[in-house]
Amino acid sequence: MTVRVAVVDDDAGFRRVAVLVLTARGYEVIGEASDAAAGYELIAAARPDAALIDYHLPDESGAELCARVRGLPHPPRVLLTSSDTAAPGPASDIAFVAKERLASVDLHAYL
């Protein structure tokens, strides 16, 4: 079964790269959003299996969006990403992969 993923990131260039990486690895990208508000709506409506969310969004942090998404009836698995390698903090229970490692890490452990 193909894992359906939503991508939420304010950088259009990174979203393109993320979509390419995900589809090359067999994931189905069901939609993209450029901020937390649109990302939440996308995730609530499309009910993906997983979501790749940027930690630094213009309207809300990725961690805050993750907390809201976890409250949905069918929450997706969430993988936060950022160019800031320490973004979620060492005590966070949210999965995190630095943007520069996205293409080289085994995503099946997260998504």
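Before going into details, it helps to say that this report is about the structure given with it. Since the structure is predicted, the reported quantities are computational estimates derived from the model, not experimental observations. Every chain is numbered on its own, with residues counted from 1 as its sequence reads. Per-residue local features of the predicted model are confined to residues with pLDDT of at least 70, and side-chain atom pairs are confined, for both listing and counting, to 80 or more; whole-chain, interface and lining totals are unaffected and use all residues. For the side-chain quantities, the full set of heavy atoms in the structure was used; hydrogens and water were omitted.

Moving on to the side chain of Ser 82. In DSSP terms, a helix is any run of H or I states spanning at least four residues, a strand is any run of E spanning at least two, and both are numbered starting from the N terminus. Secondary-structure assignment places Ser 82 in strand S4 (residues 77–82). At 2.9 Å, the side chain of Ser 82 and the backbone nitrogen of Asp 84 are in polar contact. Here a polar contact is recorded for every N or O atom pair within 3.5 Å, except that within protein the pair must consist of a potential hydrogen donor and a potential acceptor, and residues adjacent in sequence are included only if both atoms are side-chain atoms.

Another aspect to go through is the pairing of S4. Counted residue by residue, S4 has five buried out of six residues, so it is predominantly covered. Relative to S4, strand S3 (residues 50–54) is paired through five bridges, and the arrangement is parallel. Bridge pairing in S4 links Asp 54 to Thr 81. Traced from S3 through helix H3 (residues 62–70) to S4, the parallel crossover comes out right-handed. We call two strands paired when DSSP finds no fewer than two bridges between them. The sheet contact formed by S4 and strand S5 (residues 95–98) spans four bridges and is parallel. Within S5, the residue paired with Leu 79 across the bridge is Ala 95. Type-normalised accessible area, obtained with a 1.4 Å probe on protein chains alone, sets the label of each residue: buried when under 20%, exposed when over 50%, and partly exposed for intermediate values. Think of it like this: strands point away, you trace from the first strand over the helix to the second, and a clockwise trace means the crossover is right-handed.

It is worth spelling out the pairing of strand S2 (residues 28–33) at this point. Relative to S2, strand S1 (residues 4–8) is paired through five bridges, and the arrangement is parallel. Across the sheet, residue Ala 6 finds its bridge partner in S2, namely Gly 31. In this view, the connection linking S1 to its parallel neighbour S2 by way of helix H1 (residues 12–24) has right-handed handedness.

Moving on: the packing of aromatic side chains. Two rings from Phe, Tyr or Trp (for Trp, the six-membered ring) form a pair when their centres are within 6.5 Å of each other. A pair whose planes differ by under 30 degrees is stacked, one over 60 is edge-to-face, and the rest are tilted. By the definition in use, this model includes zero aromatic pairs. Each ring is checked for a lysine NZ or an arginine CZ that lies within 6 Å of its centre and within 35 degrees of its normal; such an atom marks a charge sitting over the ring. Looking at Arg 68, its charged tip hangs above the ring of Tyr 40, at a distance of 4.4 Å from the centre. Across the ring face of Phe 14, the terminal group of Lys 99 is positioned such that the distance to the ring centre comes to 4.5 Å.

Turning to H3, its buried residues number three or more, namely Gly 62, Leu 65, Cys 66 and Val 69. Taken around the axis of H3, the buried residues stretch over an arc of 105°, which confines them to a single face. This arc is taken over the directions from the axis of the helix to the C-beta atoms.

Let us now look at the environment of Leu 42. With respect to the secondary-structure elements, Leu 42 resides in helix H2 (residues 36–46). The exposure class assigned to Leu 42 is buried, which follows from its relative accessible area of 17%. Through-space distance from the C-alpha of Leu 42 to that of Gly 13 is 19 Å; in sequence the pair is 29 residues apart. Any two residues whose heavy atoms approach within 4.5 Å are treated as being in contact. Setting aside chain neighbours within four positions, we find Leu 42 in contact with Ala 6, Ile 30, Gly 31, Glu 32, Ala 33 and Arg 47.

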